[in-house]
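Chain and residue survey
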Amino acid sequence: MADASIEFKGTSFTLSVLHLNTARLVDIRTYLVTKVAQAPDFFHLVPIVVNIEKIDYSIDYQAVKTLIEEFNFTFVAFTGDVDKEQRALIREQGFSFVNTTKKDTSKKVAIAQETLVTEAKAVATTTESHLYTDKVHHGQIRSGQQIYAKEQNLVIIGSVSAGAEVIADGNIHVYGSLRGRAIAGAKGHHKAQIYCQKLEAELVSINGNYWLSESMEQHWGSPAYIHLTDSELTSSILI
Amino acid sequence: MARIIVVTSGKGGVGKTTSSAAIGLGLALKGHKVVLIDFDIGLRNLDLIMGCERRVVYDFVNVINGESTLNQALIKDKRVSSLSILPASQTRDKDALTKENVGKVLEELGGLYDFIVCDSPAGIEAGAMMALYYADEAIVTTNPEVSSVRDSDRILGMLASRSRRAELGLEPIKEHLLLTRYSPKRVEEGEMLSVDDVKDILSIPLLGVIPESQAVLKASNAGEPVILDTESDAGKAYQDVVDRLLGETIEFRFLVAEKKGIFSRMFGG
Ligand SMILES: Nc1ncnc2c1ncn2[C@@H]1O[C@H](COP(=O)(O)OP(=O)(O)O)[C@@H](O)[C@H]1O
Ligand SMILES: [Mg+2]
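Residues numbered from 1 in each chain as written. Chains lettered and ligands numbered in written order. Predicted model: local features only at pLDDT ≥ 70, side-chain atom pairs only at ≥ 80, totals over all residues. Heavy atoms only, no water.

Focus on unusual backbone geometry
Residues and elements named next belong to chain B. Positioned with a positive phi, Ser203 is a non-glycine residue whose angle comes to about 40 degrees. Tracing the chain through its elements places Ser203 in the loop between α10 (195-202) and β8 (206-211). Here Ser203 falls in the partly exposed class, since its relative accessible area comes to 43%. (Helix = DSSP H or I, 4+ residues; strand = E, 2+ residues; numbered from the N terminus. Buried < 20%, exposed > 50% of the residue type's maximum accessible area, 1.4 Å probe, protein only.)

Quick word on the packing of helix α2 (residues 25-38) of chain A against helix α4 (residues 61-70) of chain A
Residue and element names in this part refer to chain A. Between α2 and α4, the least distance of the axes is 11 Å, while the angle of their chain directions is 20 degrees. The orientation of α2 relative to α4 falls into the category roughly parallel. α4 is crossed by α2, and the crossing has right-handed handedness. Contacts from Leu25, Ile28, Arg29 and Leu32 of α2 reach α4 at Ala63, Val64, Leu67 and Glu70. Taken together, the residues that form the contact of α2 with α4 break down as 6 nonpolar, no polar and 2 charged. (Axes fitted to C-alpha atoms, helices over the stretch in contact; angles between N-to-C directions. Parallel < 35°, antiparallel > 145°, perpendicular 65-115°, else oblique. Left-handed = near helix turned anticlockwise from the far one by under 90°. Contact = heavy atoms within 4.5 Å. Nonpolar A, V, L, I, M, F, W, Y, C, P; charged D, E, K, R; others polar.)

A closer look at the domain arrangement of chain A
Residues and elements named next belong to chain A. Considered domain by domain, chain A is made up of domain 1 (16-98) and domain 2 (132-237). Here the C-alpha centre of domain 2 lies 30 Å away from the C-alpha centre of domain 1. Facing 7 residues of domain 1, the contacting portion of domain 2 comprises 10 residues. Around 620 Å² of area is buried between domain 1 and domain 2 when both sides are counted, 59% of it from carbon and sulfur atoms. (Domains from an automatic or database assignment. Buried area = accessible area lost by both parts, 1.4 Å probe.)

As for the interface of chain B and chain A
The partner chain A presents 11 residues to the 11 residues of chain B that form the contact. Taking both sides of the interface into account, the surface hidden between chain B and chain A amounts to around 810 Å²; carbon and sulfur atoms contribute 31%. It is B:Arg150, B:Asp153 and B:Arg154 in chain B that bury the most area against chain A; as a group they hold 50% of the surface buried on that side. Our enumeration of links across chain B and chain A arrives at 4 salt bridges. The partner of A:Arg142 in a salt bridge is B:Asp153, and the shortest N-O contact between them spans 3.0 Å. (Salt bridge = Lys/Arg side-chain N within 4 Å of Asp/Glu carboxyl O.)

Some words on the pattern of salt bridges
On inspection of all chains with the given rule, the structure shows 23 salt bridges over all chains. When the shortest N-O distance is used, the salt bridge between A:Arg29 and A:Glu70 registers 2.7 Å. A residue pair is termed long-range when its members are at least 10 positions apart, and A:Arg29 in helix α2 and A:Glu70 in helix α4 qualify at 41 residues. For A:Arg29, a relative accessible area of 35% gives the class partly exposed. Of the charged contacts in the structure, one is a salt bridge between B:Arg165 and B:Asp136, with a shortest N-O distance of 2.8 Å. With a gap of 29 residues between them, B:Arg165 in helix α8 (residues 164-168) and B:Asp136 in the loop between α6 (126-133) and β6 (137-142) connect regions that are remote in the sequence.

Structural notes on the sheet that holds strand β7 (residues 152-157) of chain A
Residues and elements named next belong to chain A. Ordered by their spatial adjacency, 6 strands build an open sheet running β5-β7-β9-β11-β14-β15, and the pairing between neighbours is mixed. The strands lining the two open edges of the sheet, one partner per strand, are β5 (133-138) and β15 (232-237). Here the strands of the sheet are splayed against their neighbours by 25 degrees on average, with no regard to which way each runs. Across 5 bridges, strand β9 (residues 172-178) lies against strand β11 (residues 194-199) in parallel orientation. Looking at the pairing, Val174 lines up with Cys196 of β11. (Pairing = 2+ DSSP bridges.)

What to know about the layout of surface pockets
Residues and elements named next belong to chain B. Of the voids in this model, the second largest pocket is the one considered here, and its volume is about 510 Å³. If you trace the second largest pocket, you find 25 residues lining it, with Gly13, Val14, Gly15, Thr18 and Arg181 closest to the centre. Looking at the lining of the second largest pocket, the elements with two or more residues in it are α1 (16-29), β7 (174-182), β8 and α11 (214-222). Considering every element that reaches the lining of the second largest pocket, the biggest residue donor is α11, with 4 residues. When grouped by side-chain class, the residues that make up the lining of the second largest pocket number 10 nonpolar, 11 polar and 4 charged. (1 Å grid on protein atoms, 1.4 Å probe; cavity = no way out; pocket = protein on both sides within 12 Å on 5 of 7 lines; lining within 4 Å. Points joined across faces, edges and corners; volume = space filled by probe spheres on them.)

So, the UniProt feature "binding site: ATP" (unreviewed entry) in chain B
Residues and elements named next belong to chain B. The positions UniProt marks with the feature "binding site: ATP" (unreviewed entry) are Lys11, Gly12, Gly13, Val14, Gly15, Lys16, Thr17 and Thr18. Of the annotated set named above, Gly12, Gly13, Val14, Gly15, Lys16, Thr17 and Thr18 line the second largest pocket. Here Lys11 is to be found in the loop between β1 (3-8) and α1. The exposure class of Lys11 is partly exposed, given its relative accessible area of 26%. Not counting chain neighbours up to four residues away, the residues in contact with Lys11 comprise Lys16, Ala122, Glu145, Ser147, Ser148 and Asp151. Along the chain, the position of Lys16 falls in helix α1. (UniProt positions renumbered as here; feature names shortened; annotations may be inferred.)

Things to note about the site of ligand 1
Residue and element names in this part refer to chain B. Contacts to ligand 1 come from 14 residues, most closely from Gly13, Lys16, Thr17, Thr18 and Ser213. Contacts to ligand 1 include Gly13, whose backbone N or O atom sits 2.8 Å from an oxygen atom. Note that an oxygen atom of ligand 1 is positioned 2.9 Å from one of the backbone N or O atoms of Thr17. When the free accessible area of ligand 1 is taken as 560 Å², the share hidden by the protein chains comes to 81%. Judged by the proximity of its atoms to the pocket grid, ligand 1 belongs to the second largest pocket. Contributions of two or more residues to the shell around ligand 1 are made by α1, β8 and α11. Its residues assigned to classes, the shell around ligand 1 comprises 4 nonpolar, 7 polar and 3 charged. (Near = heavy atom within 4 Å. Polar contact = N/O pair within 3.5 Å; in protein donor to acceptor, adjacent residues only side chain to side chain. Areas by Shrake-Rupley, 256 points an atom, 1.4 Å probe, with all protein chains shown as cover. Sits in = over half its atoms within 2 Å of the grid points.)

Here's the deal with α6(B)
Residue and element names in this part refer to chain B. Where burial is concerned, most of α6 is hidden: 6 out of the 8 residues are buried. Turning to α6, its buried residues are Ala128, Met129, Met130, Ala131, Leu132 and Tyr133. In this structure, the buried side of α6 is in contact with β1, α5 (99-110), β5 (115-119), α7 (146-161) and α8.

Examining the confidence of the model for chain A
It should be kept in mind that the predicted coordinates are not to be read in detail where pLDDT is low. Put simply, chain A has an average pLDDT of 82, and 85% of its residues get 70 or more. A low-confidence stretch, residues 103-128 of chain A stays under pLDDT 50, and its non-local contacts, those more than four residues away or across chains, total 55 contacts. (pLDDT = per-residue confidence, 0-100.)

In structure tokens form, the structure reads like this:
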């Protein structure tokens with residue numbers, strides 16, 4: 001009886017990893033502010049692992065954890081290819097340390113949007129082609145609702161209300177009016193596009209580049225699609 | 001089984017209680033057995049609008065707590081015998097309502113009535129969720145202004161995700177749009193959203209448009225639901241709503257500002 005009440009099992013999860021390229025808290029904060037502002041709901045309570053392999057010993061682990069929690073992430077552990085002493089030091093201070101396999105670190109499981117680099121321009125963009133399947137939603141996405149197509153394109157047969165949020169790692173198609181927020185290429189995919197029958201969005205974002213309503217003037221109220229040329233958002237009319 | 005209809009909105013003061021009273025009484029006048037439930041625990045408004053506030057002895061929370069039977073708490077309407085009212089409690093004990101005990105009361109009422117009309121409190125918290133949870137149909141009451149439309153949109157999201165029908169994967173709640181306090185003149189002047197604007201944003205079927213009307217305030221003060229004022233625009237519009245709920249196809253009226261007749265124009269009337 002007592003034996004069955006709990007059970008430990010190993011399971012692998014894909015976690016977002018924040019790669020620190022600096023130990024300067026002000027720089028980290030500045031970067032987080034801009035990143036989180038682009039998709040606040042998307043990052044809310046996201047479990048996060050912090051990779052510190054590029055930082056020397058002078059890092060204030062507690063301060064990093066506090067900073068991250070301040071942005072409503074759920075701090076999980078530190079990680080990185082570091083020596084035994086540093087690992088021991090981290091654990092001594094009461095933080096978890098998780099080992100990553102070599103394969104993972106080289107591939108960067110990190111969501112590109114969350115990859116922290118000091119120079120904004122250097123944000124890693126994935127260039128490989130994405131062959132995503134479609135997640136299809138029938139009906140309107142209402143204010144306060146959020147839908148995320150993880151590693152998929154998102155097709156909405158209906159409108160997206162103001163105050164609603166649609167997110168996809170691939171493309172977003174709205175067969176209706178887009179009045180809320182649409183975030184395509186959420187994991188770093190610069191070829192992602194957003195299509196809608198009526199462009200009246202509060203925000204559109206592709207691969208971390210975003211526009212607020214006022215930037216959509218040119219095709220406001222029209223059938224349009226949004227895409228990236230170099231790293232500039234562009235809207236074009238959908239005929 | 002009874003049709004359970006919630007009158008809901010998100011925003012307060014848009015006309016939910018006014019509409020619940022008018023529609024409930026209207027359905028009863030058509031010969032249906034109707035019970036009106038006030039879910040606005042702590043405020044207790046419906047009994048005033050219905051003019052039965054002095055006859056409240058026991059209330060919804062008493063029934064829930066087993067302090068009275070349903071029969072003791074139900075108030076029979078003096079005008080129409082097929083209409084009863086289950087008043088809200090004036091105590092602030094909002095947490096008394098749970099899915100389980102509300103479900104039991106609705107089940108008992110469902111065997112006795114054709115329509116259960118639930119007057120929802122404002123907001124999107126527990127009280128409003130409780131009022132909509134068991135609904136088969138929802139009358140989404142909206143004023144023609146942006147914040148009210150936005151709140152209605154939120155409630156529509158809740159209806160589609162947080163109701164019993166959504167949780168069990170049953171046929172979704174049937175949604176009706178009721179536009180209240182509509183002033184065609186102010187729409188024409190660009191101060192208010194038009195019927196078409198609201199329909200476009202919410203994209204649910206239109207059940208009725210109730211004009212802004214002095215008759216409503218008069219009716220509330222008298223404790224006589226405005227549908228009884230058969231001369232008033234608002235009374236007529238609510239009658240249309242009742243007929244549509246009963247399956248009739250009726251043209252919408254009171255959508256355009258009344259053009260002044262030649263005499264009043266000449267004499268500035
Ligand atoms: N069609 C209408 N014309 C004028 N006043 C109205 C109309 N509908 C409602 N009202 C007024 O609006 C106020 C709020 O109405 P009420 O039904 O209590 O709203 P709710 O239950 O949504 O809070 C009341 O003072 C009521 O008299
Ligand atoms: Mg009310």
